[in-house]
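# Secondary and tertiary structure notes
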Amino acid sequence: MENLKFDEKGLICAIAQDYESGEVLMQAYMNEEAYRKTLETGYAHYWSRSRQKLWKKGEESGHLQKVRGMFLDCDKDCVLLKVEQTGAACHTGEYSCFFTPVQDCGEGAEMLGRLQRIVEDRKVNPEEGSYTAYLFSKGVDKIAKKAGEEAVELVIAAKNGDKEEIVGECADLFYHTLVLLSNAGVKLSDVCTELKNRH
């Protein structure tokens with residue numbers, strides 16, 4: 001068992017993280033059986049302390065966690081699961097259990113993952129008046145044209161040296177790039193894997 005350090009109750013802390021966006025989804029516990037089942041099946045299993053039983057995440061709700069990677073911390077007393085989350089990770093219906101701010105630090109790279117999910121949803125469930133749905137309805141030529149325009153505007157903003165303008169134009173480019181990727185059936189994780197392979 002990789003010399004895991006289970007506590008006196010035979011449990012180890014497990015943290016689930018969205019493998020694409022980096023969002024922390026939930027924290028739970030595993031016993032030895034849950035850890036082994038997770039490795040064997042490729043889907044997250046945990047030990048329910050309240051019900052005192054093994055449970056496969058999503059076995060009732062359908063909100064499964066397909067494990068894309070598993071990591072141990074340096075002390076081997078905590079497991080990090082990088083997962084492909086189906087539906088919501090939280091029993092409240094929220095995507096992540098960590099939705100109650102105590103101290104808000106603004107947004108990090110996780111925002112790209114959230115934005116990707118919104119873009120995908122607009123593609124599958126177009127809403128009246130949605131700019132994203134409009135772009136998808138016009139097809140790749142319109143989407144590519146907008147992405148190209150935003151790239152040029154970002155270059156101009158960089159040449160002007162205006163930080164606020166650079167931020168705004170880069171946000172526009174990121175958004176239109178995500179629409180372009182979605183239209184082509186490409187995920188952020190595909191691009192990130194390519195970047196890792198080049199590293």
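## Some thoughts on the nonpolar core
With 19 residues, the main nonpolar core has Ala-16, Leu-25, Met-26, Met-30, Tyr-46, Leu-81 and Val-83 as its most contacted residues. Elements represented by at least two residues in this core include exactly β1 (12-18), β2 (24-30), α1 (32-41) and β6 (78-85). When residues of this core are assigned to their parent elements, the largest contribution, 4 residues, is made by β2. For Met-30, the residues in contact, after removing those within four places along its chain, are Phe-6, Gly-10, Leu-11, Ile-12, Ala-14, Tyr-35, Thr-38, His-45, Tyr-46, Trp-47 and Leu-81. By size, the runner-up hydrophobic cluster in this structure holds 10 residues, among which are Leu-115, Val-119, Leu-135 and Leu-181.

## Regarding the pairing of β1
Of all the 7 residues making up β1, 5 are buried; the element is thus mostly covered by neighbouring parts of the structure. As paired strands, β1 and β2 are joined by 6 bridges and run antiparallel to one another. When the bridges of β2 are listed, Ile-12 appears paired with Met-30. Linking β1 to β2, which pair antiparallel, is a turn of 5 residues; within it Gly-22 sits at a positive phi near 85°.

## Observations regarding unusual backbone geometry
Of note in this structure, Gln-52 is not a glycine but carries a positive phi near 55°. With respect to the helices, strands and loops of the structure, Gln-52 is situated in the loop between β3 (45-48) and β4 (53-56). Among the residues examined, Gln-52 registers a relative accessible area of 52% and is labelled exposed. Residues other than glycine seldom take positive phi values, yet Lys-76 does so here, at roughly 60°. Mapped onto the elements of the fold, Lys-76 is located in the loop between β5 (65-72) and β6. Note on Lys-76: relative accessible area 31%, which makes it partly exposed.

## Overview of the pattern of salt bridges
Going through the model one piece at a time under the given rule, you end up with 12 salt bridges. Arg-122 is the salt-bridge partner of Glu-127, the closest N and O atoms lying 3.8 Å from each other. Accessibility expressed as a relative area gives 45% for Glu-127, which makes it partly exposed. The partner of Arg-198 in a salt bridge is Glu-194, with the nearest N and O atoms 2.9 Å apart.

## Observations regarding the side chain of Glu-23
Relative to the elements of secondary structure, Glu-23 occurs in the loop between β1 and β2. When neighbours within four sequence positions are excluded, Glu-23 is seen to be in contact with Ala-16, Gln-17, Asp-18, Tyr-95, Glu-110, Gly-113, Arg-114 and Arg-117.

## Quick notes on the sheet that holds β2
Sheet architecture is open: 4 strands sit in the order β2-β1-β6-β5, paired in mixed fashion. Each edge of the open sheet carries a strand with a single partner, namely β2 and β5. Sheet twist, expressed as the mean angle between neighbouring strand axes with direction ignored, is 25°. Docked against the sheet, α1 engages β2, β5 and β6, running at close to 115° with respect to β5.

Thresholds, definitions, all that
- Residues numbered from 1 in each chain as written.
- Predicted model: local features only at pLDDT ≥ 70, side-chain atom pairs only at ≥ 80, totals over all residues.
- Heavy atoms only, no water.
- Core = buried A, V, L, I, M, F, W, Y, C linked by side-chain atoms within 4.5 Å.
- Buried < 20%, exposed > 50% of the residue type's maximum accessible area, 1.4 Å probe, protein only.
- Helix = DSSP H or I, 4+ residues; strand = E, 2+ residues; numbered from the N terminus.
- Contact = heavy atoms within 4.5 Å.
- Pairing = 2+ DSSP bridges.
- Salt bridge = Lys/Arg side-chain N within 4 Å of Asp/Glu carboxyl O.
- Axes fitted to C-alpha atoms, helices over the stretch in contact; angles between N-to-C directions.

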